[in-house]
Amino acid sequence: MAKTKMIDGFEYEAYSKETYDENECVARSKRFLDWIDKRRTVREFSDKPIPKEVIDNILKSASTAPSGAHKQPWTFCVVSNPELKQKIREAAEKEEFDSYNGRMSEDWLKDLEPLGTDWHKPFLEIAPYLIIVFKKAYDFDKDGKKKNNYYVNESVGLAAGFLLTAIHDAGLVALTHTPSPMNFLTKLLERPENERPYLLIPVGYPVEETYVPKLGRKPLKDIAVFYE
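These remarks concern the structure in this document. (Residues numbered from 1 in each chain as written. Predicted model: local features only at pLDDT ≥ 70, side-chain atom pairs only at ≥ 80, totals over all residues. Heavy atoms only, no water.)

Now for the overall build of the protein chain. Of regular secondary structure, the protein chain possesses 8 helices and 8 strands. Taken over the C-alpha atoms alone, the protein chain extends approximately 60 × 55 × 40 Å along its principal axes. For the protein chain, the residues scored as buried account for 32% of the 228 residues in total. A sequence separation of at least 24 residues applies to 77% of the contacts in the protein chain between residues at least 6 apart. Charged side chains in the protein chain number 34 positive and 37 negative. The centres of these two groups are separated by 3 Å. (Helix = DSSP H or I, 4+ residues; strand = E, 2+ residues; numbered from the N terminus. Buried < 20%, exposed > 50% of the residue type's maximum accessible area, 1.4 Å probe, protein only. Contact = heavy atoms within 4.5 Å. Lys, Arg positive; Asp, Glu negative; His and termini not counted. Charge placed at Lys NZ, Arg CZ, Asp CG, Glu CD.)

So this is what it looks like as structure tokens:
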């Protein structure tokens with residue numbers, strides 16, 4: 001098989017994917033389930049340093065996610081500067097205070113009670129890295145003309161899922177933080193007009209003694225419908 005091939009005027013490359021027999025396929029899917037089921041959202045971070053190469057690699061992993069028309073409409077802003085982290089915390093806590101004291105409905109606040117959250121967000125300063133995921137509503141060509149991106153929310157959501165999985169695989173923990181509104185991130189990070197903040201993710205090691213809410217995941221019968 002040739003390494004490359006022209007199809008309709010575009011260059012394609014040969015692709016092969018390892019496959020497994022039925023028993024190995026089942027075993028591998030079960031091993032992955034057991035491993036990924038250990039991923040939890042953590043709010044108690046250690047300030048232990050993380051090698052920069054680890055962050056580089058998890059970002060590259062996130063960028064392997066599929067995207068509409070392969071536009072890859074995301075930007076990952078990585079913040080480790082202590083002064084900037086402090087500013088982000090202050091701005092996020094301002095929005096969160098307003099949310100917990102008037103914006104959120106009583107039902108919403110009640111649903112949050114088992115998670116032990118409030119408007120205080122010290123992890124935004126403690127975690128060694130903050131990864132702010134921006135979605136790119138559109139791009140620009142070399143002449144500065146707007147170019148459409150497609151399925152932006154879906155594409156960036158997929159990349160965020162890959163990112164969280166890569167973080168877990170590296171032995172780190174994360175929190176998907178979404179202070180609303182998040183326009184302060186655009187200003188603090190001086191992002192261009194075509195980018196919108198999507199997620200704010202602290203990344204680091206958990207503290208030595210970490211507790212998370214004892215929660216169950218929905219069983220398969222509640223999340224899937226099979227048509228056979």
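Moving on, there is more to tell.
This part takes up the sheet that holds strand 8 (residues 195-204). On the basis of which strands lie adjacent, the open sheet formed by 4 strands has the order 3-4-8-7 and antiparallel pairing. Two strands bound the open sheet, and with one partner strand each, they are strand 3 (74-79) and strand 7 (173-174). One ladder, built from 6 bridges, connects strand 3 with strand 4 (residues 129-136); its direction is antiparallel. Within the sheet, the bridge partner assigned to Val 78 lies in strand 4 and is Ile 131. (Pairing = 2+ DSSP bridges.)

Below, the discussion takes up the packing of helix 2 (residues 52-62) against helix 6 (residues 152-169). Helix-helix packing: each pair is described by the crossing angle between the helix axes and the interaxial distance. Running from N to C, helix 2 and helix 6 cross one another at 145°; their axes reach a closest spacing of 8 Å. Classified by chirality, the crossing of helix 6 by helix 2 is right-handed. Listed contacts from helix 6 to Ile 58, Leu 59, Ser 61 and Ala 62 of helix 2 are Ala 159, Phe 162, Leu 163, Ala 166 and Ile 167. By residue class, the composition of the contact of helix 2 with helix 6 is 8 nonpolar, 1 polar and no charged. (Axes fitted to C-alpha atoms, helices over the stretch in contact; angles between N-to-C directions. Left-handed = near helix turned anticlockwise from the far one by under 90°. Nonpolar A, V, L, I, M, F, W, Y, C, P; charged D, E, K, R; others polar.)

Moving on, we come to the nonpolar core. Within the largest apolar cluster, 24 residues are counted, with the highest numbers of intra-cluster contacts made by Phe 76, Ile 131, Val 133, Leu 163, Ile 167, Ile 201 and Val 203. At the level of elements, helix 2, strand 3, strand 4, helix 6 and strand 8 are the ones that each hand at least two residues to this core. At 8 residues, the largest contribution of residues to this core is made by helix 6. In this structure, Val 203 is in contact with Phe 45, Ile 50, Ile 55, Ala 127, Pro 128, Tyr 129, Ile 131, Ile 167, Leu 172 and Val 173, ignoring residues within four places of it in sequence. Grouped together as the second largest cluster of nonpolar side chains are 20 residues, Ile 88, Ala 92, Ala 127 and Leu 185 included. (Core = buried A, V, L, I, M, F, W, Y, C linked by side-chain atoms within 4.5 Å.)

Under the counting rule described, the total for this entry stands at 4 aromatic pairs. Plain terms: the ring middles of Phe 32 and Trp 35 are 5.5 Å apart, the flat faces sit at 50° to each other, and that makes the pair tilted. One end of the pair is Phe 32 and the other is Trp 35, both in helix 1 (residues 22-36) and 3 residues apart, which spans about a single turn. Summarising the aromatic geometry, the rings of Phe 97 and Trp 119 are spaced 5.2 Å apart at their centres and angled 90° between planes, so their arrangement reads as edge-to-face. In this pair, Phe 97 is assigned in helix 3 (residues 82-103) and Trp 119 in the loop between helix 4 (106-112) and helix 5 (123-126), connecting sequence segments 22 residues apart. Judged by its relative accessible area of 38%, Phe 97 falls in the partly exposed class. Among the residues examined, Trp 119 registers a relative accessible area of 26% and is labelled partly exposed. Taking NZ or CZ as reference, Lys 48 lies 4.3 Å from the ring centre of Tyr 205, over its face. (Phe/Tyr/Trp six-rings, centres within 6.5 Å; stacked < 30°, edge-to-face > 60°. Lys NZ or Arg CZ within 6 Å of the ring centre and 35° of its normal.)

Topologically, Ser 99 is positioned in helix 3. Discounting chain neighbours no more than four positions away, the residues touching Ser 99 are Met 104 and Ser 180.

Another point: unusual backbone geometry. Keep in mind that most residues, glycine aside, have a negative phi and that most peptide bonds are trans. Put simply, Ser 180 and Pro 181 share a cis peptide bond, and its omega is 0°. In the Ramachandran plot, Ala 69 falls in the positive-phi region, its phi being about 55° despite a non-glycine side chain. For Ala 69, a relative accessible area of 56% corresponds to the exposed category.

Another aspect to go through is the side chain of Thr 75. Among the secondary structure elements, Thr 75 is positioned in strand 3. A distance of 2.8 Å separates a polar atom in the side chain of Thr 75 from a polar atom in the side chain of Glu 195. When neighbours within four sequence positions are excluded, Thr 75 is seen to be in contact with Ile 132, Val 133, Phe 134, Lys 136, Arg 191 and Glu 195. (Polar contact = N/O pair within 3.5 Å; in protein donor to acceptor, adjacent residues only side chain to side chain.)

Residues Ile 7, Phe 10 and Tyr 12 make up a contiguous nonpolar surface patch of roughly 320 Å² in combined accessible area. In this structure, Phe 10 sits in strand 2 (residues 10-13). (Patch = residues over 30% accessible without salt bridge, like charges linked within 9 Å, V, L, I, M, F, W, Y side chains within 5 Å. Areas by Shrake-Rupley, 256 points an atom, 1.4 Å probe, with all protein chains shown as cover. Salt bridge = Lys/Arg side-chain N within 4 Å of Asp/Glu carboxyl O.)

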